[in-house]
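Coordinates in review
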Amino acid sequence: NYLKAQLNTHLPESKFEIPESTYLAWIDISEYAHKIPDQNISKYFAEKGGVLVEDGNMFVANAERYIRLNLACPRSVLKEGIHRIVELLR
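None of these values were measured; they are calculated from a predicted model.

**Description of the overall build of the protein**
- From N to C terminus, the protein includes 3 helices and 3 strands.
- The C-alpha atoms of the protein give a radius of gyration of 12 Å, which matches the 12 Å a tight globule of 90 residues would have.
- Expressed along its principal axes, the backbone C-alpha trace of the protein runs to roughly 30 × 25 × 20 Å.
- Considering the protein as a whole, with its 90 residues, one finds that 37% of them fall into the buried category.
- Pairs at least 24 apart in sequence give 52% of the contacts found in the protein among residues at least 6 apart.
- Of the roughly 5600 Å² of accessible surface on the protein, a fraction of 48% belongs to carbon and sulfur atoms.
- In the protein, the 11 positive side-chain charges and the 12 negative ones have mean positions that sit 6 Å from each other.

**Some remarks on the packing of aromatic side chains**
- What the rule picks out here adds up to 1 aromatic pair.
- Relative to Phe 45, the ring of Tyr 44 lies with its centre 5.8 Å away and its plane at 80 degrees, an arrangement referred to as edge-to-face. Accessibility classification places Tyr 44 together with Phe 45 in one group, the buried group.
- Taking the ring centre of Tyr 2 as reference, the NZ or CZ of Arg 75 above it sits at 4.3 Å.

**Looking at the pairing of strand S3 (residues 66–70)**
- By the bridge criterion, 5 bridges tie strand S1 (residues 24–28) to S3 in an arrangement that is antiparallel. Looking across to S3, one finds that Leu 24 is bridged to Asn 70.
- Bridge count between strand S2 (residues 54–55) and S3: 2 bridges; the pairing is antiparallel. Bridged to Asp 55 within S3 is Ile 67.

Scoring rules and cut-offs
- Residues numbered from 1 in each chain as written.
- Predicted model: local features only at pLDDT ≥ 70, side-chain atom pairs only at ≥ 80, totals over all residues.
- Heavy atoms only, no water.
- Helix = DSSP H or I, 4+ residues; strand = E, 2+ residues; numbered from the N terminus.
- Rg over C-alpha atoms; globule rule 2.2 N^0.38 Å.
- Buried < 20%, exposed > 50% of the residue type's maximum accessible area, 1.4 Å probe, protein only.
- Contact = heavy atoms within 4.5 Å.
- Areas by Shrake-Rupley, 256 points an atom, 1.4 Å probe, with all protein chains shown as cover.
- Lys, Arg positive; Asp, Glu negative; His and termini not counted.
- Charge placed at Lys NZ, Arg CZ, Asp CG, Glu CD.
- Phe/Tyr/Trp six-rings, centres within 6.5 Å; stacked < 30°, edge-to-face > 60°.
- Lys NZ or Arg CZ within 6 Å of the ring centre and 35° of its normal.
- Pairing = 2+ DSSP bridges.

Put into structure tokens, the structure is as follows:
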């Protein structure tokens, strides 16, 4: 719920549904893709924002412009990670 609220507030064009039984969040950032240089999404977030996310294409073929975020962490870590993602995509 926390992630959904933060995305709705700070990245309203992203698409995310609260998962029913997992701690992994799949976030569609297609509307913000123009802000990411033509490079590996995971590498971009790691190098420019210091946050580790996984490119959706690592897991399924049709997940271009999705990021996978692990929510199994303390709220403080999640809060900082979301802040860094938002700063890169604003």
